[in-house]
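Understanding the architecture of this molecule
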Amino acid sequence: MKSYRKLPTRVTHAAGPYGEEEEEEDEGNEPGSSAAKKTLALRWQWLGAAVIMAAVLLGGTFWAISLRRLPTEPPGKCLSVPEAQRFDCYPEWDTVVTPELCHMRGCCFLQSSSRGRPPWCFYPPDFPSYTLRTLNRTELGFLGVLTRTAKTYYPRDVLDLQLQVDLETDTRLHIKLTDPNNSRYEVPLEVPPAMKKAENPLYSLDFSRDPFGILVKRRGSGVVLLNTTVAPLIFADQFLQISTLLPSEFLYGLGEHRHGFLHHFDWTTLSFWARDVPPTESYNLYGVHPFYLSVEEAGSAHGVFLLNSNAMEVVLQPAPALTWRTVGGILDFYIFLGPDPSSVVRQYQQVIGFPTMPPLWALGFHLCRWGYGSSNQTWQTVKNMRNYLIPQNVSPLKKRRKKTKKEQLVSLILQDAQWNDIDYMEGSRDFTVDPEHFGTLPQLVMDLHKHGQYYVVILDPAISSTQAAGTYPPYDEGLKKGIFINNTHGQPLIGEVWPGLTVFPDFSNPETHQWWLENLNVFHARVPFDGLWIDMNEPSNFRDGSVDGCTSGELDNPPYKPAVLGGSLVSKTICASAKQNLSSHYNLHNLYGLMEAKATASALIAIRGKRPFVISRSTFPGQGRYSGHWLGDNRSEWKDMYWSIPGLLNFNLFGIPLVGADICGFSGSTTEELCTRWMQLGAFYPFARNHNSKDVKAQDPAVFSSPARTAMKEALMTRYALLPYLYTLFHHAHRWGDTVARPLFFEFPQDTNTYALDRQFLWGRNLLVTPVLEPGADAVTGYFPSGVWYDYYTGSSLQSQGEKVKLAAPLNHVNVHIREGAVLPTQKPDITSWMSSGNPLLLVATLSQEGKARGDLFWDDGESLDTFERGNYSYVVFNVSQNVFTSTILHCNLEAIYIAVDGLTVYGVQKQPQVVTVNGQKIPFSYLKNQVLSMSGLNLNLCRSFSITWI
């Protein structure tokens, strides 16, 4: 690990919940360097071209003043601080920092020519901070009092703080810094209460008294996971800052942003403020997830979650170190000890909540477009898809059974669940239908349901406010109930979105949930939708703040503004000073999407009595309990296809596994090659939807050439064959907090070659997807960790020592491999998820080098609420050992008795068997030269244990 700053003067060591405290003297030496004297000069900070220009115009003047007034030689204490450990004392991005401004804050000013722009104004080693005055043991950990005597440079310092440290579990530590004298806003997220102190924690604690700091170490290895002594703690009313050294540069999470999966420590600033903007590098995007996962140099992992919903920043610098800055609330940290990456994510979700179990049809293929123009055109697209037999999501049978010959013939014309964007609405108003162009929409939905299909519509939160009284009930009723967000004068805040002038429902108000349900219920009676797509819920506003602007107060113009897109908290959203039921919008902005998703999922349950299907654009920790997410308004470009993979991986870290990007891109016109490759990749998104914008070329599979359609269909048929496996992965996510799509290092944390991989991903622990992400390619290079990997389609084996392998990848092929030691439940794919779900199971086992394999299957009716919690499910475990395949029934219900296991294929059988038996009875089999053993026609009941032996 990297060296860390030694603890100053008085230190309290707390090795664990029952460790003995002791005080020791320490000289407080800082890590120094013999850095050469540097010429002092102006530090430039900027965001956007306008600020750059201002800096250029002002630069000459400040340069001259700086050279005249500064001493010729900086203090030794400043030179002693290495560049990589210089923590920014003047982070205001919109200010040209002069030496005078820096020195007024009591900080060091040193010019640097290093790449990445280290701060020229940084904290000296003796910058005043808090002192830990008292530290007492509690039933759960420690309670301390912090004080500071010197004020900082931000207004309304909180001079006394309360430190609460709870050792909640052996793998979870909770650290909370609050104002003991004044109530401050805290995020209204339900978190599990700690019942008793951890008995054998994986961590130990050290407390620095003066200046205050906390060190969290991993027991056993001694690796320091958190070290806040490296920079001063600041806790003012609207500026809270804390820094820490990190044990390595392998850091993931911290969303929502567009970047590679692995973060870089080149003085990167990540801003957190939900914003409507097409995904672009360096911008704060739709959601806020202040959680990171760090892999230590020995391969262990830990995570840190800051439970705070205010605007914030995270700065990454090469020490490696991380700084949190937020403009409100409290500092409320959870630390998760893992020790493996998957365990970290599970422990995080134990705090924020496990994701909901989606209906089976949610995992099918979805199709949408903004710009169908009419219900008849939407209907025609559905018919075209049916004609080409492209599978899309269709409901499962309530009871699985063998299909009759008549049903098999009918299934040839079945197809997808269809979506509509806002063009179905009248005047873009929620809960309305355009009578001229979408007058047949109810008939379209009836036709979809007749074919066993589903229908999903979009809803935006903003409600039109310009209709005549009595003509638009959602607005009239909302006014009467007082459920809209108000301005500082107590009147509904007016913004502008697609319908024109609008108001915004306050989803922090329980009355709003009831109003939302009532309007959805009325709309459902007219258009019986099955799922809801909630968009524009950052919330988005075409005006900055409101039609009347915002106040000049410190909520709309705080003393410190994080480097958010637009340079203001009110840019393209509503005023931060707006009043909501629970608090100000300043505190609740980042929660808007979460609160709307909760109301929407609850309404769907009440209306349909089945599992809700909700896809939301804006997200916050805990949202996986209510919705999935799509990655926003991407572009039809090759780089956007690549960026979708880090997006998938991040949202699985964030506890929202039902995630995907708009396949083939939303804006701009795709090409046939790009869309073919993207459909192949999208077939392995947990949430798979092809969606594009108006005024561009259509991109549903039916519009392309026959070879392209065939390639797309084959990719989707592979997805449908794997639905039993995918559905089981979602059960694991719902039950235990596992990831569905995951990075390779989750399974191979000791293999450092996997740490930066984000052009491949796994489904669960066993299925590796290696897509083509570049134009004109007929091959793709993928990394295969050490072990045996089997080609999904042929069973041919690939023995890897941990190396890159070039794979053939013609335009009609996407590479998929199965890890050794797996048993995957699959089904013969049909043209819909409904028809697939009625087919017999086909099990695929991939033998390890020791001849073993394992797997499982979760099975229920695919749509009922709380099937696991109510016991209405089947769960089967499969094992292979010593040439014997066994199934063990852990739980069985009625649904599973309609499903038979028809076949078993075993990859990696090194010697051709002479006899294969099922439950002691000989059966025919086949054996191929690539060591693939197959048997079919088994007709084994899924709910009865069986064994298959080959000798």
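Just above sits the structure.
The paragraphs below set out a description of the structure included in this document.

What follows covers the pairing of strand S9 (residues 203-208). With six of six residues buried, S9 lies mostly within the body of the structure. Along S9, one buried face is formed by Tyr203, Leu205 and Phe207 and the opposite face, lined by Ser204, Asp206 and Ser208, is buried too. Of the pairings in the sheet, the one linking S9 to strand S10 (residues 213-218) comprises six bridges and is antiparallel in character. Opposite Ser204, over in S10, you have Lys217 as the bridge partner. Here S9 hands over to S10 after four residues, the two strands then running antiparallel side by side.

Summarising burial for strand S17 (residues 301-306): six of the six residues are buried, a large majority. Covered by surrounding structure in S17 are Ala301, Gly303 and Phe305 together with His302, Val304 and Leu306, the residues of both alternating faces.

The next thing to look at is the nonpolar core. The biggest cluster of nonpolar side chains holds 238 residues, and the ones touching the most others in it are Trp324 and Phe885. When residues no more than four places from it in sequence are discounted, the contact partners of Phe885 are Val823, Leu843, Ala845, Phe878, Asn879, Val880, Leu904, Phe946, Ser947, Ile948 and Trp950.

So, about unusual backbone geometry. Across the junction of Ala319 and Pro320, the peptide omega takes the value 0°, indicating a cis bond. Its location among the elements puts Pro320 in the loop between strand S18 (312-317) and strand S19 (321-326). Each neighbour pair has its own omega, and for Glu538 with Pro539 the value is 0°, a cis peptide bond. Note that Pro539 resides in the loop between strand S27 (531-534) and helix H10 (585-588). Unusually for a residue other than glycine, Met536 sits at a positive phi of about 60°. Counting through the fold element by element, Met536 comes out in the loop between S27 and H10.

Here the focus is the sheet that holds strand S31 (residues 662-663). Pairing is parallel across the open sheet formed by nine strands, whose spatial order is S30-S29-S28-S27-S23-S22-S21-S32-S31. At either end of the open sheet lies a strand with only one pairing partner, and these are strand S30 (659-660) and S31. Of the pairings in the sheet, the one linking strand S23 (residues 455-459) to S27 comprises four bridges and is parallel in character. Its bridge partner being in S27, Leu459 is matched across the sheet by Ile534. Across the sheet, helix H11 (residues 592-608) lies against S27 and strand S28 (614-616), angled at about 165° from S27, the strand it touches most.

Within a sheet, each strand pairs with its neighbour through backbone hydrogen bonds, oriented either parallel or antiparallel. Judged by pairing direction, the sheet is antiparallel, and its six strands sit side by side in the order S33-S34-S35-S40-S37-S38 without closing on themselves. One side of each edge strand has no neighbouring strand; the edge strands of this open sheet are strand S33 (741-742) and strand S38 (797-800). Note that S33 and strand S34 (residues 761-763) share two bridges and pair antiparallel. Paired with Arg742 across the strands is Leu762, a residue of S34.

Going through the model one piece at a time under the given rule, you end up with 53 aromatic pairs. Arranged with centres 5.9 Å apart and planes meeting at 65°, the rings of Phe336 and Tyr348 form a pair that is edge-to-face. Note that Phe336 is positioned in strand S20 (residues 331-336) and Tyr348 in helix H4 (residues 341-352), a separation of 12 residues in sequence. Accessibility assignment for this pair places Phe336 and Tyr348 in one class, buried. With centroids separated by 5.9 Å and ring planes inclined at 20°, the aromatic side chains of Tyr475 and Phe484 adopt a geometry described as stacked.

With that settled, the discussion passes to the environment of Val788. Examined against the element boundaries, Val788 turns out to sit in strand S37 (residues 787-791). Val788 sits 13 residues away from Gln801 along the chain, and the two C-alpha atoms are 8.9 Å apart. Excluding residues within four positions of it along the chain, Val788 makes contact with Ser797, Leu798, Gln799, Ile818, Arg819, Glu820 and Gln849.

Relative to the assigned elements, Glu168 resides in strand S7 (residues 160-169). On the basis of relative accessible area, Glu168 is assigned to the buried category, the value being 9%. Of the polar contacts made by the side chain of Glu168, one reaches the side chain of Arg172; its length is 2.7 Å. Setting aside residues up to four positions removed in sequence, Glu168 forms contacts with His174, Pro192, Ala194, Lys196, Tyr203 and Tyr334.

Attention now moves to the state of the cysteines. Within the structure shown, the criterion is met by six disulfides. Here Cys78 pairs with Cys108 through a disulfide, and the sulfurs are 2.0 Å apart. Where Cys78 bonds to Cys108 through sulfur, the torsion about that S-S bond is close to -75°, and the disulfide is left-handed. Taken together, the residues Cys78 in helix H2 (residues 76-79) and Cys108 in strand S3 (residues 108-109) connect sequence positions 30 residues apart.

With that settled, the discussion passes to the environment of Gln680. Summarising the element assignment, Gln680 is placed in helix H13 (residues 672-682). Residues Gln680 and Met712, spaced 32 residues apart in sequence, show a C-alpha to C-alpha distance of 6.4 Å. In this structure, Gln680 is in contact with Ala711, Ala715, Leu811, Asn812, His813 and Val814, ignoring residues within four places of it in sequence. In this structure the side chain of Gln680 is engaged in a polar contact, spanning 2.9 Å, whose partner is the backbone oxygen of Leu811.

Cut-offs and rules
Residues numbered from 1 in each chain as written. Predicted model: local features only at pLDDT ≥ 70, side-chain atom pairs only at ≥ 80, totals over all residues. Heavy atoms only, no water. Buried < 20%, exposed > 50% of the residue type's maximum accessible area, 1.4 Å probe, protein only. Helix = DSSP H or I, 4+ residues; strand = E, 2+ residues; numbered from the N terminus. Pairing = 2+ DSSP bridges. Core = buried A, V, L, I, M, F, W, Y, C linked by side-chain atoms within 4.5 Å. Contact = heavy atoms within 4.5 Å. Axes fitted to C-alpha atoms, helices over the stretch in contact; angles between N-to-C directions. Phe/Tyr/Trp six-rings, centres within 6.5 Å; stacked < 30°, edge-to-face > 60°. Polar contact = N/O pair within 3.5 Å; in protein donor to acceptor, adjacent residues only side chain to side chain. Disulfide = S-S within 2.5 Å.

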